[in-house]
Amino acid sequence: MFIYTTPVYRLSLALQGFLDEQFYQLEELQDESSPNFVEEVVTLFFRDSSRLMANIDQALEQCPPDFHRLDKFLHRLKGSASSIGAGKMKNECAGFREFCSEENLEGCLRSFQKVKKEHTILRQKLENYFQLLRQVVPVDKATRSGS
Amino acid sequence: MLLWCVAAGFGWKEVVPWDSGLIWGGQEIHVLAVDDSSVDRALIAKILRSSKYRVTTVDSGKRALELLTLEPNISMIITDYWMPEMTGYELLKSVKESSKLREIPVVVMSSENVPNRINRCLEEGAEDFLLKPVRPSDVSRLRSRMR
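Computed from a predicted structure; not experimentally measured.

A. Here's a closer look at the overall build of chain B. The helix and strand inventory of chain B stands at 5 helices and 9 strands. Taken from the N to the C terminus, the helices and strands of chain B come in the order β-β-β-β-β-α-β-α-β-α-β-α-β-α. For chain B, buried positions account for 51% of its 147 residues. Within chain B, residue pairs in contact and separated by at least 24 positions form 55% of the contacts whose partners lie at least 6 positions apart. Of the accessible surface of chain B, which amounts to about 7300 Å², a share of 51% is contributed by carbon and sulfur atoms.

B. Molecular detail of the pairing of strand β5 (residues 30-34) of chain B. Residue and element names in this part refer to chain B. A large share of β5 lies buried, amounting to 5 of its 5 residues. What you see with β5 is no split at all: His30, Leu32 and Val34 on one side and Val31 and Ala33 on the other are buried throughout. Of the pairings in the sheet, the one linking β5 to strand β6 (residues 54-58) comprises 5 bridges and is parallel in character. If you follow Val34 over to β6, its bridge partner there is Val58.

C. Region of interest: the packing of aromatic side chains. In the structure shown here, the tally under the stated rule is 6 aromatic pairs over all chains. Judged by centre distance (5.8 Å) and plane angle (90°), the ring pair of A:Phe23 and A:Tyr24 falls under edge-to-face. A:Tyr24 sits in the partly exposed class, given a relative accessible area of 31%. Ring centres of B:Tyr81 and B:Trp82 lie 5.7 Å apart, and the angle between their planes is 85°; on these two criteria the pair is classed as edge-to-face. Exposure remark for B:Trp82: the relative accessible area of 40% places this residue in the partly exposed category.

D. Summary view of the UniProt feature "modified residue: Phosphohistidine" (unreviewed entry) in chain A. Taking the UniProt record as the reference, the feature "modified residue: Phosphohistidine" (unreviewed entry) is found at A:His75. With respect to the helices and strands, A:His75 occurs in helix α4 (residues 67-84). A:His75 sits in the buried class, given a relative accessible area of 15%. What A:His75 contacts, discounting residues up to four positions off in sequence, is A:Arg97, B:Trp82, B:Ser111 and B:Glu112.

E. Highlighting the UniProt feature "modified residue: 4-aspartylphosphate" (unreviewed entry) in chain B. Sites flagged by UniProt as "modified residue: 4-aspartylphosphate" (unreviewed entry) map to B:Asp80. Dropping the residues within four chain positions of it, B:Asp80 is found in contact with B:Val34, B:Asp35, B:Asp36, B:Gly88, B:Met109, B:Ser110 and B:Lys132.

F. Representation of the UniProt feature "domain: Response regulatory" (unreviewed entry) in chain B. UniProt's feature table lists "domain: Response regulatory" (unreviewed entry) at residues 30-147 of chain B, given in the numbering used throughout. Secondary structure across residues 30-147 of chain B divides into 40% helix and 20% strand, with the first and last C-alpha atoms of the span separated by 9 Å.

G. Here's a closer look at the interface of chain B and chain A. In this complex, chain B contributes 17 residues to the contact, which on the side of chain A involves 21 residues. Counting each side, the surface lost to burial between chain B and chain A is near 1600 Å², with a carbon and sulfur contribution of 55%. The largest contributions to the chain B side of the interface with chain A come from B:Val39, B:Lys46 and B:Arg135, which together make up 35% of the buried area. Residue A:Arg76 is joined to B:Asp36 by a salt bridge in which the shortest nitrogen-to-oxygen separation is 2.9 Å. Applying the counting rule to chain B against chain A returns 7 residue pairs in polar contact (both at pLDDT 80 or more). Here the element with the most residues in the side of chain B that touches chain A is helix α1 (residues 38-50) of chain B; it accounts for 8 residues. Here the side of chain B that touches chain A is built from residues that sort into 7 nonpolar, 4 polar and 6 charged.

The rules behind the values
- Residues numbered from 1 in each chain as written.
- Chains lettered and ligands numbered in written order.
- Predicted model: local features only at pLDDT ≥ 70, side-chain atom pairs only at ≥ 80, totals over all residues.
- Heavy atoms only, no water.
- Helix = DSSP H or I, 4+ residues; strand = E, 2+ residues; numbered from the N terminus.
- Buried < 20%, exposed > 50% of the residue type's maximum accessible area, 1.4 Å probe, protein only.
- Contact = heavy atoms within 4.5 Å.
- Areas by Shrake-Rupley, 256 points an atom, 1.4 Å probe, with all protein chains shown as cover.
- Pairing = 2+ DSSP bridges.
- Phe/Tyr/Trp six-rings, centres within 6.5 Å; stacked < 30°, edge-to-face > 60°.
- UniProt positions renumbered as here; feature names shortened; annotations may be inferred.
- Buried area = accessible area lost by both parts, 1.4 Å probe.
- Salt bridge = Lys/Arg side-chain N within 4 Å of Asp/Glu carboxyl O.
- Polar contact = N/O pair within 3.5 Å; in protein donor to acceptor, adjacent residues only side chain to side chain.
- Nonpolar A, V, L, I, M, F, W, Y, C, P; charged D, E, K, R; others polar.

Encoded structure:
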C-alpha cells in the first residue's frame, strides 16, 4: 500500500459516498503481478455498463416497453456495479428494478435518469482518483505478508 | 521461492517452483471459470490466481463445454448462474450427466440469494454455491473440494 499524500486521501473520502467495501477488496487484490488491477476492472465496468445503459435506453423507448428484457439488463448492471463496489449505483439499480417488476414506466424513466447521473459522477470521480494515484510518488511500499 | 506441497492422502511431498501453479498430487490445479460478465471474470480469475491456481475463463456454458472436451484435467468448474443461452444450472446438469466430466466438482455463483435456486443446484450435484461478489475467503474454502 502506498502512503498517500493528503489530496488523494481527500479524494478517496469523496469517493466514500459512492463506493462500498467491495472496492477496498479490489484494492487488496492488487499486487506486483497485477499492479493496475483496480483500474483495469473499473475500465471493464464502464465499458460493460455503458453498453448496458444503451440497451436499457432502447428497451425503454420500445412501445410497449419490454420489461422482461429490461430486467435482464438491470440484473447485469446491478451485478457489475456490486462487483466493483459501486454501492450507490447498485442501490439505484435495485430501485429501478422494483419499478421494472411493477411495469411502472414512469418510475423506470425517473430511476434511469438517476442511474445515468450516478454513472457519470462515478466515472468522473474514479478517473480523477486514478489520475491522482499516477501522479503520487510512492513514499513507502509496505511488503504484503503472505500474498 | 519454493513451495512445499503435501498431497494429503497420498503421503508424499513435492517441491515445486511457486509460479508454476499449485501442484496437488503431481497435477497442476486448473480451474475453469465461467461468467458472461467481463468484470466478474476478471475478479474471479484474479482471486484464483492469487491463490496460485491456473485459471481459464470463458464467457458461456457452450464455450465451457467445448473447452472441457479438449482439456480433461480441470480440477474445478466455477460458474455464474445467470447467463444468456445456457445458465450455470444447465451447465452443471450437462457436466453431471456426462460420464467423462461428472467427476469434476462444480461450484455455482450468483448475485442473488434464492434458496430454491441454491437447493436445485446442490441437488443436481454442485459442490457449493457462492454469493457474489466472491471473496478470497470463499475460494480458500473450496480447496479441499478440488479434484
